[in-house]
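A closer look at the structure
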Amino acid sequence: MSGLRILVPVKRVIDYAVKPRINRANTAVETAGVKHSMNPFDELSIEEAVRLRERKLPVEEIVAFSAGPPKAQDILRTAMAMGADRGIHVTIEEGKELEPLGVAKLLKQVVQEEKSNLVILGKQSIDDDANQTGQMLAGLLNWPQATQASKVTFEGDDVTVMREVDGGVETLKAKLPLIITTDLRLNEPRYASLPNIMKAKKKPLAKKTLADFEADVSPRLKTLKVTEPPPRKGGVKVEDVDGMIGKLKELGAL
Amino acid sequence: MSSKALNLRHQVIRIYKELLYLGREYPLGYDYFRSRLHKAFASQANLKDEDQIKKGIERAEFVKKEIEALYYLKRYRILRQRYEKT
């Protein structure tokens, strides 16, 4: 089979353990001074790429990509500490975020420049939860896609992907080039250890700007308002069975 | 100090630093982690026997793996709760 040239796009998001707060103007989530880390679903995709190499598949190169503020570089370093060979960083101004379609357009050009034949993306980012970039990229490239993968196996030129769907799993078979998006149970991402972070500082990281791409990434959506979810209402205690039946009837459950 | 002992000394410092780095994300806070880590290493500072020191390093490596697994599981469980338990 031909060599695998893997592209893994990653996103810098607010850390999963942080409770997001909404800014005063109710226009966005507060990001200043908040701990950020790599989107957990993207960690799964880096890990899968590295495991393909460790399974002795002919992986030529694993390239990590991120479009984000200057600090997204730290995330790319983490990706390289986990095993990516090099990184590409497209600098986006702080506070200006790309929409999934914009990212997919950039990725399409990166795929063509890098001659990638396998793109492994996280199924969604935990900040926007759009779950669109992989699908849109597949559409733009006209490549097959296997989303929400929970197992990936290679046999010659055939790639078999088990994907998690409602109430079970679905098995797909496709040939390269291919888009895969990862689901939670695909693998257990390794920890980017201190020595590996240090080594990753020596790996090449290319810096680009939007001007290097011929893509219209202007936003198509306008955020009108961002609000907190309604606070949970406390439950009530009922005195006896009759009281409970009364309550249930009141709520229309009986 | 012989070169072998010096080498062991470096290994101990290295694993200590790696554990400190891991501690930055410890659920109970970095201060909690650091003071306990320091105490654990300080309590073994009197070890002179090479085999004993090697055993100590092995134990530190084991603890490192345990902490990494703890972080992974914590994240996995939270994500599963958020995205799969509807």
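Predicted model only: the values in this text are computed from it and were never measured.

When its secondary structure is counted, chain A shows six helices and 11 strands. For chain A, the spread of C-alpha atoms along the principal axes amounts to about 70 × 45 × 40 Å. In chain A, buried positions account for 46% of the 254 residues. In chain A, the proportion of contacts linking residues at least 24 apart, taken out of those at least 6 apart, comes to 72%. Placing the 39 positive and 36 negative side-chain charges of chain A at their respective mean positions leaves the two points 3 Å apart.

A few words now on the packing of aromatic side chains. All names here are of chain B. Within the structure shown, the criterion is met by six aromatic pairs over all chains. Between Tyr72 and Tyr76 the ring centres are 6.0 Å apart and the planes differ by 25°, which places this aromatic pair in the stacked class. Of this pair, Tyr72 and Tyr76 both sit in helix α3 (residues 50–83), four residues apart, which is roughly one turn of that helix. By relative accessible area, which is 17% here, Tyr76 ends up buried. Among the aromatic residues, those joined into a cluster by ring pairs are Tyr26, Tyr32 and Phe33.

A few words now on unusual backbone geometry. Note on backbone geometry: most residues besides glycine have negative phi, and most peptide bonds are trans. Residue and element names in this part refer to chain A. Residue Pro177 follows Leu176 across a cis peptide bond; omega there is -5°. Here Pro177 is to be found in the loop between β9 (168–175) and β10 (178–182). Despite not being glycine, Asp129 shows a phi value in the positive range, around 55°. With respect to the helices and strands, the residue Asp129 is situated in the loop between β6 (118–122) and α4 (133–141).

Those places that UniProt annotates as "domain: Electron transfer flavoprotein alpha/beta-subunit N-terminal" (unreviewed entry) correspond, in this numbering, to residues 26–217 of chain A. With 30% helix and 32% strand, residues 26–217 of chain A has end C-alpha atoms that lie 24 Å from one another.

With that settled, the discussion passes to the interface of chain B and chain A. Listed by partner, the interface residues are 17 residues for chain B and 23 residues for chain A. Together, the buried faces of chain B and chain A total about 1,800 Å²; carbon and sulfur atoms form 59% of this surface. The largest contributions to the chain B side of the interface with chain A come from B:Tyr21, B:Arg75 and B:Tyr83, which together make up 35% of the buried area. Counting across the interface, chain B meets chain A through two salt bridges. A salt bridge links A:Glu43 to B:Arg75; the nearest nitrogen and oxygen atoms lie 2.7 Å apart. Linking chain B with chain A are six residue pairs in polar contact (both at pLDDT 80 or more), by the criterion used here. Among the secondary structure elements, those contributing two or more residues to the side of chain B that touches chain A are α1 (3–23) and α3 of chain B. A per-element tally of the side of chain B that touches chain A places α3(B) first, with 11 residues. Across the side of chain B that touches chain A, the residue classes tally to eight nonpolar, no polar and nine charged.

In this section: α3(B). Here α3(B) spans 49 Å end to end across 34 residues, near enough to the 50 Å set by a 1.5 Å rise per residue. All of the buried residues along α3(B) are B:Ile53, B:Ile57, B:Ala60, B:Lys64, B:Ile67, B:Tyr71, B:Tyr72, B:Arg75, B:Tyr76 and B:Leu79. Each element contacted by the buried residues of α3(B) is listed here: α1 (40–54) of chain A together with α1 and α2 (30–42) of chain B.

We now examine the pattern of salt bridges. Summed over the entire model, instances satisfying the criterion amount to 28 salt bridges over all chains. The partner of B:Glu18 in a salt bridge is B:Arg14, with the nearest N and O atoms 3.0 Å apart. Linking B:Glu18 with B:Arg14, this pair stays in helix α1, spanning four residues, or about one helical turn. The class for B:Glu18 is buried, based on a relative accessible area of 6%. Assessed through its relative accessible area of 39%, B:Arg14 is described here as partly exposed. Salt bridges linked by common partners bring A:Arg5, A:Glu60, A:Glu61, A:Arg86 and A:Glu114 together as one network.

Residue and element names in this part refer to chain A. With mixed pairing, nine strands are arranged side by side in an open sheet as β9-β8-β7-β10-β6-β1-β4-β5-β11. For this open sheet the edge positions go to β9 and β11 (205–209), each flanked by a neighbour on one side alone. In this sheet, neighbouring strand axes are inclined to one another by 30° on average, regardless of whether the strands run parallel or antiparallel. Inspection of the sheet shows strand β8 (residues 158–165) paired to β9 by eight bridges, in the antiparallel sense. If you follow Thr160 over to β9, its bridge partner there is Lys173. Packed on one face of the sheet, α4 meets β6, β7 (145–155) and β10 and runs near 175° to β10.

Basis of the calculations
- Residues numbered from 1 in each chain as written.
- Chains lettered and ligands numbered in written order.
- Predicted model: local features only at pLDDT ≥ 70, side-chain atom pairs only at ≥ 80, totals over all residues.
- Heavy atoms only, no water.
- Helix = DSSP H or I, 4+ residues; strand = E, 2+ residues; numbered from the N terminus.
- Buried < 20%, exposed > 50% of the residue type's maximum accessible area, 1.4 Å probe, protein only.
- Contact = heavy atoms within 4.5 Å.
- Lys, Arg positive; Asp, Glu negative; His and termini not counted.
- Charge placed at Lys NZ, Arg CZ, Asp CG, Glu CD.
- Phe/Tyr/Trp six-rings, centres within 6.5 Å; stacked < 30°, edge-to-face > 60°.
- UniProt positions renumbered as here; feature names shortened; annotations may be inferred.
- Buried area = accessible area lost by both parts, 1.4 Å probe.
- Salt bridge = Lys/Arg side-chain N within 4 Å of Asp/Glu carboxyl O.
- Polar contact = N/O pair within 3.5 Å; in protein donor to acceptor, adjacent residues only side chain to side chain.
- Nonpolar A, V, L, I, M, F, W, Y, C, P; charged D, E, K, R; others polar.
- Expected span 1.5 Å × (residues − 1).
- Pairing = 2+ DSSP bridges.
- Axes fitted to C-alpha atoms, helices over the stretch in contact; angles between N-to-C directions.

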